[in-house]
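Below are the chains, spelled out letter by letter.
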Amino acid sequence: MNLGLLIVFEGIDGTGKSTQCKMLSERLSEKGIGNISLAEPTRGEWGMKIRQLLTEGRNGISPEEELAWFINDRKEDVELNINPALKEGKVVLMDRYYFSTAAYQGALGFDPKQIREDNEKFAPVPDRVLIFHNSPEKSLERIESSREEKSVFEKRDYLIDVQNIFKSFTGANIRFVSSDASLEDVHAQVLCEVQDLFELKL
Ligand code: TYD
């Protein structure tokens, strides 16, 4: 029985991970490999609450509540979408997963390692995690450009912390992908980093 594959795209905004996720999906489809693309936060009940928080600001929502919403959203995603697709033998491509929770909510003060462990109790561990990063200059440019909020410095420092947590992840399933090159070159890098999971040449 084919148990499917779980490939996750992670990193701070502006690293082109969503585009690369789409490009890999197209490539797999061209090769006749059944795949599904999912994203977190989802469009479900908890995901929509999170999206409201993201657009309207935290507005008194505690870090504990925020963390709980992401976990609730993921539990629903695992049950309704991820596990069923894996059972059907599909390649599941995820634009963000629990490494985002470890990095973003970890940067709010929670222990990233603990968040990862707690998630791995209910969420399938990915076969591969691609963590996208830009050069330090490009990242900083990106971080600086998200300065629309009142607490400017907090936001900048927050994203730097998030990025540092992303960089700190270790594991046999983790690969870092530099997204400074052209879309095609980064796509080639992505294929290279997942090729060993497939019998077919991608
Ligand atoms: P994002 O991928 O940017 O969604 P979209 O492109 O649909 O707007 O995710 C929205 C934000 O949610 C992003 O800034 C990271 C944050 N996030 C967390 O803080 N924790 C998490 O567990 C996840 C999945 C996302």
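Note on numbering: residues in each chain are counted from 1, in written sequence order. With pLDDT at 70 or above as the cut-off, local features in this predicted model cover only qualifying residues; side-chain atom pairs require 80 or more to be listed or tallied, and sums for whole chains, interfaces and linings still use all residues. Values shown for side chains rest on all heavy atoms present in the structure; no hydrogens or waters enter the calculation.

> How do you make sense of the site of the ligand when you look at a structure like this?
Around the ligand sit 13 residues, and of these Arg51, Arg96, Thr101, Tyr104 and Gln105 come closest. In protein, a polar contact requires one atom able to donate a hydrogen and another able to accept it; more generally it is a pair of N or O atoms within 3.5 Å, and residues adjacent in sequence count only if both atoms are side-chain atoms. Take Thr101: an N or O atom from its side chain is 2.6 Å from an oxygen atom of the ligand. Contact distances for the ligand include 2.7 Å between a nitrogen atom and a side-chain N or O atom of Gln105. Shrake-Rupley sampling with a 1.4 Å probe provides the accessible areas, and residues are treated as covered by the protein chains on show and by no other component. Against a free-state accessible area of 560 Å², the protein chains account for coverage of 76% of the ligand. Listed by contribution, the elements that provide at least two residues to the shell around the ligand are helix H2 (45-56), helix H3 (63-87) and helix H4 (98-105). It suffices for a single heavy atom of a residue to lie within 4 Å of a molecule or strand for the residue to be listed as near it. In DSSP terms, a helix is any run of H or I states spanning at least four residues, a strand is any run of E spanning at least two, and both are numbered starting from the N terminus.

> I'm lost on the packing of H4 against helix H5 (residues 112-120) in this one. Help?
How two helices sit against one another is set out by the angle between their axes and by the gap between those axes. Axis geometry follows a simple rule: fit a line to the C-alpha atoms, using only the stretch in contact for helices, then measure angles between N-to-C directions, giving values from 0 to 180 degrees. Look at H4 against H5: their axes get within 8 Å of each other, and the N-to-C directions meet at 155°. As summarised for this structure, H4 and H5 are arranged roughly antiparallel, according to the angle between their axes. Our pair here, H4 against H5, has a crossing hand that is right-handed. Of H5, the residues touching H4 (which contributes Tyr98, Phe99, Thr101, Ala102 and Gln105) are Pro112, Ile115, Arg116, Asn119 and Glu120. Looking at the contact of H4 with H5 residue by residue, the classes come out as five nonpolar, three polar and two charged. For this classification, under 35 degrees means roughly parallel, over 145 means roughly antiparallel, 65 to 115 means roughly perpendicular, and everything else is oblique. Should the near helix be turned counterclockwise from the far one by less than a right angle, the crossing is left-handed, whereas a clockwise turn marks it as right-handed. Any pair of residues with heavy atoms lying within 4.5 Å of one another is described as a contacting pair. When residues are sorted by character, Ala, Val, Leu, Ile, Met, Phe, Trp, Tyr, Cys and Pro go into the nonpolar class, Asp, Glu, Lys and Arg into the charged class, and all the rest, Gly among them, into the polar class.

> Explain the nonpolar core here, please?
A general tendency of soluble globular proteins is for nonpolar side chains to be buried together. Residues belong to a common nonpolar core when they are buried Ala, Val, Leu, Ile, Met, Phe, Trp, Tyr or Cys residues joined through side-chain atoms within 4.5 Å. Exposure is judged per residue with a 1.4 Å probe applied to protein chains only, and the accessible area is read against the type maximum: over 50% gives exposed, under 20% gives buried, and values in between give partly exposed. Judged by nonpolar contacts, the single largest core of 31 residues is most densely connected at Leu6, Ile82, Met94, Tyr97, Val162, Phe166 and Phe169. Those elements that provide at least two residues to this core are strand S1 (5-10), H3, strand S3 (91-95), H4, strand S4 (128-133) and helix H7 (152-168). The element best represented in this core is H3, accounting for six residues. Those residues within four positions of Phe166 in sequence are excluded, and the remaining contacts are Glu10, Gly11, Ile12, Arg96, Phe99, Ser100, Ala103, Tyr104, Ile131 and Phe176. Counting 18 residues, the second largest nonpolar core, distinct from the first, contains Ile7, Leu24, Val177 and Val186.

> What is the right way to read the environment of Ser178 from this model?
With respect to the secondary-structure elements, Ser178 resides in strand S5 (residues 174-178). Apart from the residues lying within four places of it in its own chain, the contact partners of Ser178 are His133, Val186 and Gln189.

> Which parts of the structure should I look at to understand the pairing of S4?
Side chains on a regular strand alternate between the two faces of the sheet. The buried count for S4 comes to five of six residues, which makes it a mostly enclosed element. In terms of strand pairing, S1 meets S4 through four bridges, oriented parallel. What sits directly across from Ile7, in S4, is Arg128. A strand pair is defined by DSSP finding two or more bridges across the two strands. Bridge count for S4 against S5 is five bridges, and the pairing is parallel. Note that in S5 the partner of Ile131 across the bridge is Phe176.

> Help me understand the sheet that holds S4 in this model?
The strands making up a sheet associate through backbone hydrogen bonding, with each pair oriented either parallel or antiparallel. Ordered in space as S2-S3-S1-S4-S5, the five strands form an open sheet in which the pairing is parallel. The strands lining the two open edges of the sheet, one partner per strand, are strand S2 (35-39) and S5. Geometrically, the sheet is characterised by an average inter-axis angle of 20° between neighbouring strands, direction not taken into account. Here S1 runs beside S3; their pairing, made up of five bridges, is parallel. Within S3, the position partnered with Leu5 by the bridge is Val91. Against the sheet, helix H1 (residues 17-30) touches S1, S2, S3 and S4, its axis set at about 165° to S3.

> Help me understand the pairing of S3, please; the structure alone is not making it clear to me.
The buried fraction of S3 is high, at five of five residues. Neither face of S3 is left uncovered, since the one carrying Val91, Leu93 and Asp95 and the one carrying Val92 and Met94 both have all their residues buried. Bridge analysis of S2 against S3 gives five bridges, and the strand direction is parallel. The residue bridging Ala39 from the neighbouring strand is Asp95, located in S3.

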